[in-house]
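One letter stands for each residue in the lines below.
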Amino acid sequence: MKQFKTESKKLLDLMINSIYTNKEIFLRELVSNASDAIDKLSFESLTNSGVHVDQDSLAIRLSFDKDARTITVSDNGIGMTKDELDKNLGTIAHSGSEAFKEANAEHQGQDMDIIGQFGVGFYSAFMVSDKVRVVSRAYGADEAFAWESDGRSGYTIEPAAEGERPGDADHGTDVTLFLRPSTDADNTDRFLSEWGLRDLVTRYSNYVRHPIQMMVTKSREKPRPEDAGDDYKPEYEDYQELETLNSMTPIWKKHPSEVKQEDYDEFYKSTFHDWEKPQRTINFHAEGALSYDALLFIPSERPFDLYSKDYEKGLALYSSNVLIQEKCADLLPDYYNFARGIVDSPDVTLNISRETLQQNSQLRAIARRIEKKIHSELEDMRDNDREGYERFFGNFGRGLKFGIYNSYGSKAADLADLLLFWSAKQGEQVTLREYVDAMPAEQDKIYYAAGDSRDRLGKTPVVASAVDHGFDVLLCTQDVDEFMFQSMRTYHVDAVAGDSEHKGTDARDLEFANVSSADLDLATEDEKKAADEATTEHKDLIDELKGDLGDKVTDVRVAAGLGDAPATIASEGPVSLEMERVISQGPEAASAPKAQRVLQLNAAHPVFGKLVAAQEAGERDRLKLMGSILYDQALLVEGLPIDDPVEFAKNVAELM
């Protein structure tokens, strides 16, 4: 028995117990090695006239023996000599595939697609095995040799037993794993079944370029006996059939002209387990210092768990058709987390376990291109398929808004023009640019109202008043809206040319203004003058109401332009009424900041006359009662809870 060197023993222990996080990738590594062996032989047949190979016969074969607890991965590739077995398997981290790839680099990706890099993938077999036996016969060699090891003490290399790899045509390699006993913590039994092996192949090696075959059990109906009567019941029998388990040619490497949309749709539904076909498909190829293929999909429907903490974003990352990461989160920004798809690159620098990348700069370069592609597709949908885009935005628009908020506004320039809002004036969804294009020439802010119901918001006095004064209001009903506007601060508008009402307007930044803000000025000059006069004339009344309400409000004012509402609640300061409502529903409700509330009175409403009359008549209790009712009523109109519903009902009954 040959001994592993001391350093090699330590490295082998590291290979088996530390490098790989997922034990089931052992089959991926062995299949990749088998694929490399076939590629080497195929390449030799193209470059060496003395090598004759039937290309159609090259394949990888899987088999298992449940009783003996073995799995065998076989190939009819180039095989290994005794010296090559010693060098490739007895020397940890020596990669024959990497050496071959470097020697023939100009042909990589054309005549061959060598996967191996580090020379450690083979040793992943010891994660699930007590012993591994490798029988190999090099192409053109007279004898086969067997390498065997328990992964601890060392290894042996001896002539193969009689019947193992016999005959001139039986070149290639068999790798047989003797699986460890199954335990509660380490279930190796799951690999000893047709379903278990098929699942691993489909998940990790589905697009290896050579067929991966296995004898599978199928069922068929027995022939009906000639003398069978009317009561005959069909009988079935099991039989074995060689089946190819993998797809081989990945759809993303085919030219788009060769693939129908129906094929993309079917691939999407089967790969990502969606009942609906994708709303958009994006397929592109990049070449240069970093070459890769990308196939992306925008789903038609929102996953049920998209906004839950358990949702995992990411694209499937492949290298040379072999799955590296099922969900590579670094390929997508959070605001495009809805995208699904695949990126395949032979150039990415993988770490030794081939589970992650070594160079984040490569990942960032791919991610930037993907982001631009998705952004361009969304712009095209917005401009040329408005109905489809509105459906998309209903599913995923919240994430775009959160992207602006979460980036403290730095992503506003990229995402702002993808947003849609309901227009109170136009009665439909509009972009910010469409809102600005429809603004009166004298308007210098973008007005919005935030709440939990579009219908209720549209009926609130402040929104109705703004629309009556000729200003449109964006009705925002998602919890992130108010916080997003706070992060954005402004919306940049380029200089306007053409026949627009704003023709000749210079580029400018428009602020966002909540119509529920106490310092908002939408009234006409006459309305403001009347409000100022009422404030001066009835200062004592206002002071009394403010004193009665106490710390419920920071101020009581007469406001202009409130329409037919007797009173409204507004806020001032950095926390709006909607922000208070949203924060109060979260886990930090107890320490949530409160909005500074202002009770705004409408001096043109008959109720204000009743307040004046009560104050002048010295009806102190009646004035306090009416002030409390007005305040609670204004809260209800804004969709905010009142402090004491029982007290409110009692006050209304008393007033009646």
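A brief structural summary. Values in this document were obtained by computation on a predicted structure and should not be read as measured data.

1. A few points about empty space enclosed by the protein
No. 1: One pass over the full model with this rule turns up one cavity of 30 Å³ or more.
No. 2: In this structure, the largest cavity encloses a volume near 110 Å³.
No. 3: Lining of the largest cavity is provided by 16 residues; of these, A450, S516, L577, E578 and E638 occupy positions nearest its centre.
No. 4: Those elements giving two or more residues to the lining of the largest cavity turn out to be β16 (445-450), α11 (454-459), α12 (461-468) and α16 (577-584).
No. 5: Element by element, the count of residues in the lining of the largest cavity is highest for α16, at three residues.
No. 6: Classifying every residue of the lining of the largest cavity by side-chain character gives seven nonpolar, five polar and four charged.

2. Side note on the sheet that holds strand β20 (residues 555-558)
No. 1: Reading across the sheet, the three strands line up as β20-β22-β21 and stay open at both edges, with mixed pairing between neighbours. Edge positions in the sheet fall to β20 and β21 (567-572), since each of these pairs with one other strand and no more. On average, adjacent strands in this sheet sit at an angle of 30° to one another, irrespective of strand direction.
No. 2: As defined by bridge partners, β20 adjoins strand β22 (residues 596-601) across four bridges and the pair is classed as parallel. Bridge pairing in β22 links D555 to V598.

3. Side note on the packing of helix α2 (residues 26-47) against helix α5 (residues 194-204)
No. 1: Packing of α2 against α5 brings their axes to within 9 Å, and their N-to-C directions diverge by 70°. When the interaxial angle is binned, α2 and α5 end up roughly perpendicular. Considering only the axes of α2 and α5, their crossing is right-handed. Facing α2, whose interface residues are F26, L27 and R28, α5 presents L197, L200, V201 and Y204.
No. 2: Within the contact of α2 with α5, the residues separate by chemical class into six nonpolar, no polar and one charged.

4. Quick notes on the sheet that holds strand β15 (residues 429-430)
No. 1: Within the open sheet, the six strands sit side by side as β15-β14-β17-β16-β19-β18. Their pairing is mixed. What marks the edges here is a single partner per strand, and that holds for β15 and β18 (490-493).
No. 2: The sheet contact formed by strand β14 (residues 421-423) and strand β17 (residues 474-476) spans two bridges and is antiparallel. Paired with S423 across the two strands is L474, which belongs to β17.

5. A look at the packing of aromatic side chains
No. 1: Taken as a whole and judged by the stated rule, the model has 27 aromatic pairs.
No. 2: Geometrically, the ring pair formed by Y268 and F272 is tilted, given 5.7 Å between the ring centres and 40° between the ring planes. Here Y268 pairs with F272, and both are found in helix α6 (residues 261-272), just four residues apart, close to one helical turn.
No. 3: A residue is classified by how much of its surface remains accessible, and F272, at 18% relative accessible area, is buried.
No. 4: Looking at R220, its charged tip hangs above the ring of Y239, at a distance of 4.1 Å from the centre.
No. 5: Positioned above the aromatic ring of W422 is the side chain of R454, whose terminal nitrogen or guanidinium carbon lies 3.6 Å from the ring centre.

6. Section: helix α18 (residues 620-637)
No. 1: Here α18 spans 26 Å end to end across 18 residues, near enough to the 26 Å set by a 1.5 Å rise per residue.
No. 2: Regarding α18, the residues found buried are L623, L625, M626, G627, S628, I629, L630, Y631, D632, A634 and L635.
No. 3: Elements that come into contact with the buried residues of α18 comprise α15 (539-549), β21, β22, α17 (606-616) and α19 (645-655).
No. 4: Phi turns positive one or two residues past the end of α18, at G639, with a value near 80°.

7. What to know about helix α3 (residues 82-90)
No. 1: Residues L85, N88, L89 and G90 constitute the buried set of α3. The buried residues of α3 all sit within an arc of 165° when viewed along its axis, so they share a single face.

8. Brief notes about a negative patch on the surface
No. 1: There is a patch of like negative charges on the surface, built from D621, D643, D644, E647 and E654.
No. 2: Position of E654 among the secondary structure elements: in helix α19.

What counts and what doesn't
- Residues numbered from 1 in each chain as written.
- Predicted model: local features only at pLDDT ≥ 70, side-chain atom pairs only at ≥ 80, totals over all residues.
- Heavy atoms only, no water.
- 1 Å grid on protein atoms, 1.4 Å probe; cavity = no way out; pocket = protein on both sides within 12 Å on 5 of 7 lines; lining within 4 Å.
- Points joined across faces, edges and corners; volume = space filled by probe spheres on them.
- Helix = DSSP H or I, 4+ residues; strand = E, 2+ residues; numbered from the N terminus.
- Nonpolar A, V, L, I, M, F, W, Y, C, P; charged D, E, K, R; others polar.
- Pairing = 2+ DSSP bridges.
- Axes fitted to C-alpha atoms, helices over the stretch in contact; angles between N-to-C directions.
- Parallel < 35°, antiparallel > 145°, perpendicular 65-115°, else oblique.
- Left-handed = near helix turned anticlockwise from the far one by under 90°.
- Contact = heavy atoms within 4.5 Å.
- Phe/Tyr/Trp six-rings, centres within 6.5 Å; stacked < 30°, edge-to-face > 60°.
- Buried < 20%, exposed > 50% of the residue type's maximum accessible area, 1.4 Å probe, protein only.
- Lys NZ or Arg CZ within 6 Å of the ring centre and 35° of its normal.
- Expected span 1.5 Å × (residues − 1).
- Arc of directions from axis to C-beta.
- Patch = residues over 30% accessible without salt bridge, like charges linked within 9 Å, V, L, I, M, F, W, Y side chains within 5 Å.
- Areas by Shrake-Rupley, 256 points an atom, 1.4 Å probe, with all protein chains shown as cover.
- Salt bridge = Lys/Arg side-chain N within 4 Å of Asp/Glu carboxyl O.
- Lys, Arg positive; Asp, Glu negative; His and termini not counted.
- Charge placed at Lys NZ, Arg CZ, Asp CG, Glu CD.

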